[in-house]
Amino acid sequence: MSILKTVAAACVLAVATHAPGFGQSLIRDTEIEHMLRDYADPILTAAGLQPADVDMYIVADPSLNAFVTGGQNIFLHTGIILESGTPNQLKGVIAHETGHISGAHLARVNDGISAAQAPMYVSLGLGVLAALAGEGGAASALLASSQQFGALSFMTYSRAQEASADQAGLQFMEATGQSAQGLVQFFERFRYQEVMSNARRFPYFRSHPLSSERIANLRGGATSSPFYETLDSPEEVARLQRIQGKIYGFLAEPEFVFYRYPESDRSLPARYARAVAYYHDARLDRALEEIASLLAEEPDNPYFHELHAQMLFESGRAEQAIVPNRRSVELEPTAPLLRVNLATSLIATDDPDHLEEAEQNLRVALDIEPDNGFAWYQLSIVHERNGDTALAQLAIAEQSYAAGNRQRAHQFASRARTSLEIGTPAWVRATEIESVSLPTEAEMRQIRRQQRN
């Protein structure tokens, strides 16, 4: 469901798009992810890349930043989404980052960071109720600690690489019939960063240094495109604005949300932001009023039903949360996070009659996202309640493996295998996990020391 939660450490909510002291973590949200995918996939295709091979991650950080690392992984800070004046500006940034991927600009620095990379727990929030969860794909793409994570700024591109990525971005935008005007506008908005000391620049412009010559070259290429005057549609602008309201509602303190989106503002983005802010401010009645107004305007919006379900669930009304969660799945059946939400609310009722439906939804979610650690954890609960301890242990092994915890994955896979029928698919899977997560000799020594103690 749509709430930011942290796993590795408590996350300080941002109070403004440039607020300092924000604890970095990843967030998941179906609505935001779908918008970014709609932006990125045509660009990635134009770059000769397979969209399915390029992972996109949202970093809960108010600073202006975007980067690629670990091969084909694009990271976007929430700050850069909030600061984008138009969809075209955000698409331009994505096109530029895609230029770095297609140009293999990270080939030299990847060797330097690979030794420091390690699996880490990530937050699922803004999409899944999870206090503890592991996302293997994201974990392997990030550095283990927040300090190391911040150190990614050392990946400063050369002027030649920046020029190459600029030109590639222009080509990708033109190939998709879109204007590169947004990218030029984005850089021009922050031209003043050119004269600031490196320490005072936004992270994005530390690794992507600006220059007047660079902006001039970019503008020249953009204006020569036949699509230069192609503007974002009103629907695209409205979509970005509601996403910005949603992000601000979740990441800013309520008083800042109410200042930015006062009651006098009856626009949809404002009501969306206030619905979240009222909920965070423990004013559930006002939050439900705002979400009711949104549902009255768009009754078939799965994300409004998702938010409604979250408010009910986290207020101790798991049974009442089932109906809006079911509706969100009906409207967006291929979204794994929505199915996990539904399963979570079904399980939380402690009604055994709900377990079969919960398992069905978790199975579908895991078919789509096999590395969703929280879904595996919920499935382990279902199996345990059904008396299938071995399957519950296998699910924990899957969760641990997805999170990169090889030792724990090996332990639970071993336990599950000894109780499963030989030759069954579950036994085969337990054997696979046990084999691939076999502890190293050093880890075995540590295990033996723990057992002695």
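From a predicted model like this one, the values you see are computed outputs, not experimental measurements. (Residues numbered from 1 in each chain as written. Predicted model: local features only at pLDDT ≥ 70, side-chain atom pairs only at ≥ 80, totals over all residues. Heavy atoms only, no water.)

**Observations concerning the sheet that holds strand S2 (residues 55-59)**
Point 1. Spatial strand order, S1-S2-S4-S3: four strands in an open sheet with mixed pairing. Pairing within the sheet leaves two strands with one partner each, and these edge strands are strand S1 (26-27) and strand S3 (66-69).
Point 2. Bridge analysis of S1 against S2 gives two bridges, and the strand direction is antiparallel. Bridged to leucine 26 within S2 is valine 59.
Point 3. Set on the sheet, helix H3 (residues 87-102) makes contact with S2, S3 and strand S4 (73-77); between it and S3 the angle comes to about 25°. (Pairing = 2+ DSSP bridges. Helix = DSSP H or I, 4+ residues; strand = E, 2+ residues; numbered from the N terminus. Contact = heavy atoms within 4.5 Å. Axes fitted to C-alpha atoms, helices over the stretch in contact; angles between N-to-C directions.)

**With respect to helix H19 (residues 373-385)**
Point 1. The end-to-end C-alpha separation of H19 is 19 Å, in line with the 18 Å expected for 13 residues at 1.5 Å each.
Point 2. Here H19 lies mainly inside the structure; 10 of its 13 residues are buried.
Point 3. Three or more residues of H19 are buried, namely Gly373, Phe374, Ala375, Trp376, Gln378, Leu379, Ser380, Ile381, Val382 and His383.
Point 4. Looking at the buried side of H19, the elements it contacts are helix H17 (336-348), helix H18 (355-368) and helix H20 (389-402).
Point 5. You can read the cap of H19 off the contacts: a side-chain oxygen lies 3.3 Å from the backbone nitrogen of phenylalanine 374, and it is on asparagine 372. (Expected span 1.5 Å × (residues − 1). Buried < 20%, exposed > 50% of the residue type's maximum accessible area, 1.4 Å probe, protein only. Polar contact = N/O pair within 3.5 Å; in protein donor to acceptor, adjacent residues only side chain to side chain.)

**Some thoughts on the pattern of salt bridges**
Point 1. One pass over the structure, following the stated rule, counts 25 salt bridges.
Point 2. Here aspartate 281 ties to arginine 283 by a salt bridge, and the two come within 3.1 Å at their closest N and O atoms.
Point 3. A relative accessible area of 33% places arginine 283 in the partly exposed class.
Point 4. Between arginine 385 and aspartate 350 there is a salt bridge whose closest N-O contact spans 3.1 Å. Of this pair, arginine 385 sits in helix H19 while aspartate 350 sits in the loop between H17 and H18, and the two are 35 residues apart along the sequence.
Point 5. In this structure arginine 385 comes out as partly exposed when scored by relative accessible area, which is 41%.
Point 6. In this structure, a network of salt bridges that share partners links the residues Glu263, Arg266, Arg274, Arg286, Glu289 and Glu290. (Salt bridge = Lys/Arg side-chain N within 4 Å of Asp/Glu carboxyl O.)

**Quick word on the packing of helix H1 (residues 30-46) against H3**
Point 1. Viewed as axis vectors pointing N to C, H1 and H3 meet at an angle of 50°, and their least axial separation amounts to 10 Å. Taken together, the axes of H1 and H3 lie oblique to each other. Here the hand of the crossing between H1 and H3 comes out right-handed. Contact with H1, carried on its side by Met35, Leu36, Tyr39, Ala40, Ile43 and Leu44, involves Pro87, Leu90, Lys91, Ile94, Ala95 and Thr98 of H3 and no other residues of that element.
Point 2. Split by residue class, the contact of H1 with H3 holds 10 nonpolar, one polar and one charged. (Parallel < 35°, antiparallel > 145°, perpendicular 65-115°, else oblique. Left-handed = near helix turned anticlockwise from the far one by under 90°. Nonpolar A, V, L, I, M, F, W, Y, C, P; charged D, E, K, R; others polar.)

**With respect to the packing of aromatic side chains**
Each pair of aromatic rings is reported with the distance of its centres and the angle of its planes.
Point 1. Counting across every chain of the model gives seven aromatic pairs.
Point 2. A ring pair is formed by phenylalanine 186 and phenylalanine 187, whose centres lie 6.0 Å apart and whose planes are at 55°; its orientation type is tilted. Accessibility assignment for this pair places phenylalanine 186 and phenylalanine 187 in one class, buried.
Point 3. By the ring-pair criterion, three or more aromatic residues cluster together here, those being Tyr57, Phe67 and Phe75. (Phe/Tyr/Trp six-rings, centres within 6.5 Å; stacked < 30°, edge-to-face > 60°.)

**Focus: the confidence of the model for the protein chain**
Point 1. Scored by pLDDT, the protein chain has a mean of 82; 77% of the residues are at 70 or more.
Point 2. The model gives residues 1-23 a pLDDT under 50, and that stretch makes 89 contacts with residues more than four places away or in other chains.
Point 3. Throughout residues 108-155 the model reports pLDDT below 50, and contacts reaching past four residues in sequence, or to other chains, amount to 138 contacts. (pLDDT = per-residue confidence, 0-100.)

**Let's talk about the nonpolar core**
Point 1. Ranked by internal contacts, the top residues of the largest apolar core, which has 69 residues, are Leu36, Ile80, Ile81, Leu90 and Met311.
Point 2. In terms of residues, this core owes the most to one element, helix H13 (residues 268-280), which gives nine residues.
Point 3. Non-local contacts of isoleucine 81, meaning those with residues more than four positions away in its chain, are made with Ile32, Leu36, Ile58, Leu90, Leu240, Ile243, Gln244 and Ile247.
Point 4. In this structure, Leu342, Ile347, Phe374 and Leu379 belong to the second largest nonpolar core, which totals 21 residues. (Core = buried A, V, L, I, M, F, W, Y, C linked by side-chain atoms within 4.5 Å.)

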